[in-house]
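# Breakdown of the fold
Letter by letter, the chains look like this.
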Amino acid sequence: MSNYSSLREAADNHGFRIGAALNARSLRSDPSYWKTAKNEFNAITPENALKMGPLRPSRKIYDFTDADAIIDFGRAHGMYTRGHTLVWHNQKPDWFQAWDYTDEQLEAFLRDHIHTVTGRYRDKIDAWDVVNEAIADDGTLRETVWADAMGENYLDKSFRWADEITDADLYYNDYGADAVNKKSDAIYDLLSDLLERDVPIDGVGLQCHALGDHPDPDSVAKNIRRFRELGLDVQITEMDVAFPLDDRPENPLEEQAMYYQAITEACLEAGCGALVQWGVNDANSWLRSFKDFPERFTGDPLLFDDNCDSKPAYHTVKETLADS
Ligand code: G3I
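What you see is a predicted model; the values in this text were computed from it and never measured.

Cut-offs and rules
Residues numbered from 1 in each chain as written. Predicted model: local features only at pLDDT ≥ 70, side-chain atom pairs only at ≥ 80, totals over all residues. Heavy atoms only, no water. Buried < 20%, exposed > 50% of the residue type's maximum accessible area, 1.4 Å probe, protein only. Helix = DSSP H or I, 4+ residues; strand = E, 2+ residues; numbered from the N terminus. Pairing = 2+ DSSP bridges. Near = heavy atom within 4 Å. Polar contact = N/O pair within 3.5 Å; in protein donor to acceptor, adjacent residues only side chain to side chain. Areas by Shrake-Rupley, 256 points an atom, 1.4 Å probe, with all protein chains shown as cover. Nonpolar A, V, L, I, M, F, W, Y, C, P; charged D, E, K, R; others polar. Phe/Tyr/Trp six-rings, centres within 6.5 Å; stacked < 30°, edge-to-face > 60°. Right-handed = clockwise from strand over helix to strand, strands pointing away. Expected span 1.5 Å × (residues − 1). Contact = heavy atoms within 4.5 Å. Patch = residues over 30% accessible without salt bridge, like charges linked within 9 Å, V, L, I, M, F, W, Y side chains within 5 Å. Salt bridge = Lys/Arg side-chain N within 4 Å of Asp/Glu carboxyl O. Lys, Arg positive; Asp, Glu negative; His and termini not counted. Charge placed at Lys NZ, Arg CZ, Asp CG, Glu CD. Core = buried A, V, L, I, M, F, W, Y, C linked by side-chain atoms within 4.5 Å.

## Remarks on the pairing of strand E2 (residues 43-46)
- Covered by surrounding structure in E2 are Ala43 and Thr45 together with Ile44 and Pro46, the residues of both alternating faces.
- Relative to E2, strand E1 (residues 17-22) is paired through four bridges, and the arrangement is parallel. Its bridge partner being in E2, Ala21 is matched across the sheet by Thr45.
- Taken together, the two bridges between E2 and strand E3 (residues 80-87) define a ladder with parallel strand orientation.

## Topic: the site of the ligand
- Around the ligand, 14 residues are found, and the nearest of them are Glu47, Lys51, His84, Glu238 and Trp278.
- Here Asn48 contributes a side-chain N or O atom positioned 3.0 Å from an oxygen atom of the ligand.
- One of the side-chain nitrogen or oxygen atoms of Trp278 is found 2.9 Å away from an oxygen atom of the ligand.
- In isolation the ligand has 790 Å² of accessible area, and contact with the protein removes 50% of it.
- Here the residues of the shell around the ligand are counted per class, giving four nonpolar, six polar and four charged.

## Digging into the packing of aromatic side chains
- As enumerated under the stated definition, the model contains 18 aromatic pairs in all.
- Aromatic pair Phe64 and Tyr121: ring centres 6.0 Å apart, planes at 75°, arrangement edge-to-face. Of this pair, Phe64 sits in the loop between helix H4 (52-55) and helix H5 (65-76) while Tyr121 sits in the loop between helix H6 (103-120) and strand E4 (127-132), and the two are 57 residues apart along the sequence. Neither Phe64 nor Tyr121 differs from the other in exposure class; each is buried.
- Aromatic pair Trp99 and Phe109: ring centres 5.4 Å apart, planes at 70°, arrangement edge-to-face. Of this pair, Trp99 sits in the loop between E3 and H6 while Phe109 sits in helix H6, placing them ten residues apart in sequence.

## Focus on the pairing of strand E8 (residues 233-241)
- With eight of its nine residues buried, E8 lies for the most part within the structure.
- Inspection of the sheet shows strand E6 (residues 203-206) paired to E8 by four bridges, in the parallel sense. Residue pairing for E8: Gly203 is matched across the bridge by Asp233.
- Bridging between strand E7 (residues 209-210) and E8 involves two bridges; their strand directions are parallel. By the bridge assignment for E8, Ala210 is matched with Val241.
- Crossover E7 to E8 through helix H10 (residues 217-229) is right-handed.
- Pairing of E8 with strand E9 (residues 274-277) involves three bridges; the strand directions are parallel. Note that in E9 the partner of Ile236 across the bridge is Leu275.
- With helix H11 (residues 252-270) bridging E8 and its parallel neighbour E9, the resulting β-α-β unit is right-handed.

## Notes on H10
- The terminal C-alpha atoms of H10, which comprises 13 residues, lie 18 Å apart, in line with the 18 Å expected from a rise of 1.5 Å per residue.
- Along H10, the residues that are buried comprise Pro217, Ser219, Val220, Ala221, Asn223, Ile224, Arg226 and Phe227.
- Where H10 is buried, its residues contact helix H9 (182-196), E6, E8 and H11.
- Positive phi appears at Gly231, one or two residues downstream of H10, with a value of about 95°.

## Some remarks on a negative patch on the surface
- Residues Asp103, Glu104, Glu143 and Asp148 make up a contiguous surface patch of negative charge.
- Examined against the element boundaries, Asp148 turns out to sit in helix H7 (residues 145-150).
- By relative accessible area, which is 59% here, Asp148 ends up exposed.

## Focus on the nonpolar core
- Of all hydrophobic cores here, the largest spans 94 residues; its most connected members are Trp128, Trp146, Tyr172 and Leu191.
- For this core, the element with the most residues is H11, which contributes seven residues.
- Residues Ala21, Ala242, Trp286 and Phe297 belong to the second largest nonpolar core, which totals eight residues.

## Some details on the environment of Lys318
- Checked against the element boundaries, Lys318 lands in helix H13 (residues 312-323).
- Owing to a relative accessible area of 6%, Lys318 belongs among the buried residues under this scheme.
- Along the chain, Lys318 and Gln277 lie 41 residues apart, while their C-alpha atoms are 14 Å from each other.

## Some thoughts on H13
- Its twelve residues give H13 an end-to-end C-alpha distance of 17 Å, which sits within 8% of 16 Å, the value for a rise of 1.5 Å per residue.
- By the criterion of burial, H13 is predominantly enclosed, with nine of the twelve residues buried.
- Ala313, Tyr314, Thr316, Val317, Lys318, Glu319, Thr320, Leu321 and Ala322 are the residues of H13 that are buried.
- Tucked inside the fold, the buried residues of H13 contact helix H1 (7-12), E1, helix H3 (31-40) and H11.

Take a look at the structure:
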């Protein structure tokens, strides 16, 4: 057993960032939630509050209330803050549907959005997921309103617009590309091309939503290494570990603990600088309410249970960090 009193202390002592995604509602209403967040993590990400939809209730109005609450909480407790996300095909504002825009208008809108949001948090956010999930599961460029209006060049422009305003590290973030596979190969090629074009990109976020199949940790380490060899930082940005309800292991909590340990070991060995889990505790996991996921997957994917009590995975991650 390590003599570190918290995950945060173990991570701090080894220069590693261990984080969680936060929602403002629980931060405001649940003392065990925010105490766990500040005591056990040294990094945070707003789960939804910094996305275009929540930020833009109308074309002319920004609502930063929830995002400010989360980022200010992180700053108040000396935490590394990740901004998520400036450009994504999901959670666009509801009014977007009815907007009959030209390509030029959409480009001007996106540039203004990126400048405004990165400008507000210029001295408060350490890393931004500038573009999220631009590559489709088959490895091609995902068809989005951004790609339709600006072509693949929307990535170049988005990173450059962010770089014009903030000194934060600028990340590309995606799911299903944690191990070496067709999608991560496509992302590797995309980021290589961006770097070739001197696009200001500093890192890649591997989301690591381990739900049905769990990416092989050795392949995750290999994937981390190849992005590091490109000169990019690598972070695990949205980790959770669940099992299909129709194929649950005999000892799910033990399996989960071993898998979190294996990914933490892969991170430390391959030079990944952060591991952020997608929520503070199971009760706040997106798996409890997203589409039909509650009927498909176990809903206890995180290190802390519904009551913010630590689970076996908490202890394997802490011991791994302590022994590193
Ligand atoms: O805030 C509204 C609330 O007012 C309303 O009553 C309620 C019911 O309609 O919806 C609430 O908004 C929901 C929001 O989460 C906040 O809970 C949205 O419907 C729901 O779609 C949204 O889901 C989020 C999802 O992204 C959107 O695609 C999840 O919480 C969030 O965990 C998830 O996170 C994404 C990352 O950003 C990118 N990587 C994948 C990851 C999982 O999909």
